[in-house]
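Each chain is listed here by its residues.
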Amino acid sequence: MPATAIKTTALCKWFGDGEARTYAVREVAFEAYFGEMLYIVGPSGSGKTTLLSLISGILRPNQGKVEIEGVDIWDLPNDALAEFRLKRIGFVFQDFHLFPRLTTVENVAIPLILRKCNWDESIAEAMKYLEIVGLKERAHLPPVKLSGGEQQRVAIARAIVSSPDILIMDEPTASLDGDTGKNILSFVQKNILNDKRCIVIVTHDARISEFANRILRMEDGKLKRIDSNGDSHEK
Ligand SMILES: Nc1ncnc2c1ncn2[C@@H]1O[C@H](COP(=O)(O)OP(=O)(O)O)[C@@H](O)[C@H]1O
Ligand SMILES: [Mg+2]
């Protein structure tokens, strides 16, 4: 049995109050394991981004629990949660969120600099990760000079530069053409996934489903499992 990386219990997030209350995430319970690439699919507005924000310590749930390797993350004081996120969780945002005025290597070094590592050492470490994603020779260019696929690889390098064991990616191929998207996911599967890392990917791009170890489906804030014939059921 693989070790549990993420476990949620009765997780709820709603927006608005009283009559205007709308649920983005309803009673979600799931586990993600080390060594797997877990996909969460579902239509736009079904709560996927909200769920990722809850499990990565960005957005506080209204109810329920998120445990990462047994640590109840929303029970941590703010400082400890910020520290936990920096060390343990890498997040790749849908539209990359690269800083245009920094060079590519500086973008990758940001998490290390935030952890108060020495500047030169942070840049040297960031360079190693740019090499892993095949962009060492682009290090000193601003991100705007890179293609969409290259910018996505920079965002991945930045998410893993502090060696987090949880990597979360929100629609990683949304701004990429089909072949580039497949190449990125194939790259992540070969080079980033290992038995000490858990990768959770939200997507509605069917072209990349071949890289999933397991797929869950989100509908109207609820998470469902999918049978091998493609039907979804209450979990
Ligand atoms: N900050 C917010 N304030 C109010 N409603 C929100 C907010 N964030 C998300 N929602 C609502 O929650 C639902 C789920 O959104 P989201 O998690 O972004 O879905 P997805 O990523 O699957 O497209 C949507 O109805 C959305 O309008
Ligand atoms: Mg979304």
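Reference entry: report on the structure contained in this document. Since the structure is predicted, the reported quantities are computational estimates derived from the model, not experimental observations.

### Comments concerning the pairing of strand S9 (residues 198-202)
Within S9, 5 of the 5 residues are buried, leaving the element largely enclosed by the surrounding structure. Neither face of S9 is left uncovered, since the one carrying Cys198, Val200 and Val202 and the one carrying Ile199 and Ile201 both have all their residues buried. Relative to S9, strand S8 (residues 166-170) runs parallel, the two being bridged by 5 bridges. Following the sheet pairing, leucine 167 is matched in S9 by isoleucine 199.

### Quick word on the pattern of salt bridges
Summed over the entire model, instances satisfying the criterion amount to 11 salt bridges. Between lysine 136 and glutamate 131 there is a salt bridge; the shortest N-O distance is 3.9 Å. Residue class for lysine 136 comes out partly exposed when judged on its relative accessible area of 40%. Taking the relative accessible area as the measure of exposure, glutamate 131 reaches 49% and is therefore partly exposed. The residue glutamate 150 makes a salt bridge to arginine 138 at a minimum N-O spacing of 3.3 Å.

### Regarding the nonpolar core
Ranked by internal contacts, the top residues of the largest apolar core, which has 37 residues, are Met37, Val188 and Ile199. Among the secondary structure elements, those contributing two or more residues to this core are strand S4 (37-41), helix H3 (104-114), helix H4 (119-132), helix H5 (148-160), S8, helix H6 (178-192) and S9. When residues in this core are grouped by element, the largest group, 6 residues, is from H5. Ignoring any residue separated from it by four or fewer positions in sequence, one finds valine 188 in contact with Met37, Ile156, Met169, Leu193 and Ile199. Of all hydrophobic cores here, the second largest spans 30 residues; its members include Val25, Leu54, Ile73 and Phe91.

### Observations concerning H6
Between its first and last C-alpha, H6 extends 20 Å over 15 residues, near the 21 Å set by a 1.5 Å rise per residue. Along H6, the residues classified as buried are Gly178, Gly181, Ile184, Leu185, Ser186, Phe187, Val188 and Ile192. Looking at the buried side of H6, the elements it contacts are S4, H4, H5, S8 and S9. Taking the backbone nitrogen of aspartate 179 as reference, a side-chain oxygen 3.2 Å away marks aspartate 177 as the first, capping residue of H6.

### Regarding the site of ligand 1
Around ligand 1, the structure places Phe15, Ala24, Pro43, Ser44, Gly45, Ser46, Gly47, Lys48, Thr49 and Thr50. Within the contact set of ligand 1, an oxygen atom lies 3.1 Å away from a backbone nitrogen or oxygen of glycine 47. Within the contact set of ligand 1, an oxygen atom lies 2.9 Å away from a side-chain nitrogen or oxygen of threonine 49. In the complex, 54% of the free accessible area of ligand 1, which totals 560 Å², lies under the protein chains. Take the shell around ligand 1: its biggest share by element is 3 residues, from helix H1 (residues 48-55). The residue inventory of the shell around ligand 1, partitioned by class, reads 3 nonpolar, 6 polar and 1 charged.

### Remarks on the layout of surface pockets
Its boundaries defined by the atoms lining it, the largest pocket holds a volume of some 450 Å³. Forming the boundary of the largest pocket are 19 residues, of which Arg85, Leu86, Phe91, Phe93 and Pro111 lie nearest the centre. Mapped by element, the contributors of at least two residues to the lining of the largest pocket are helix H2 (78-88), strand S7 (89-92), H3 and H5. Its residues placed into classes, the lining of the largest pocket shows 13 nonpolar, 4 polar and 2 charged.

Basis of the calculations
- Residues numbered from 1 in each chain as written.
- Chains lettered and ligands numbered in written order.
- Predicted model: local features only at pLDDT ≥ 70, side-chain atom pairs only at ≥ 80, totals over all residues.
- Heavy atoms only, no water.
- Buried < 20%, exposed > 50% of the residue type's maximum accessible area, 1.4 Å probe, protein only.
- Helix = DSSP H or I, 4+ residues; strand = E, 2+ residues; numbered from the N terminus.
- Pairing = 2+ DSSP bridges.
- Salt bridge = Lys/Arg side-chain N within 4 Å of Asp/Glu carboxyl O.
- Core = buried A, V, L, I, M, F, W, Y, C linked by side-chain atoms within 4.5 Å.
- Contact = heavy atoms within 4.5 Å.
- Expected span 1.5 Å × (residues − 1).
- Polar contact = N/O pair within 3.5 Å; in protein donor to acceptor, adjacent residues only side chain to side chain.
- Near = heavy atom within 4 Å.
- Areas by Shrake-Rupley, 256 points an atom, 1.4 Å probe, with all protein chains shown as cover.
- Nonpolar A, V, L, I, M, F, W, Y, C, P; charged D, E, K, R; others polar.
- 1 Å grid on protein atoms, 1.4 Å probe; cavity = no way out; pocket = protein on both sides within 12 Å on 5 of 7 lines; lining within 4 Å.
- Points joined across faces, edges and corners; volume = space filled by probe spheres on them.

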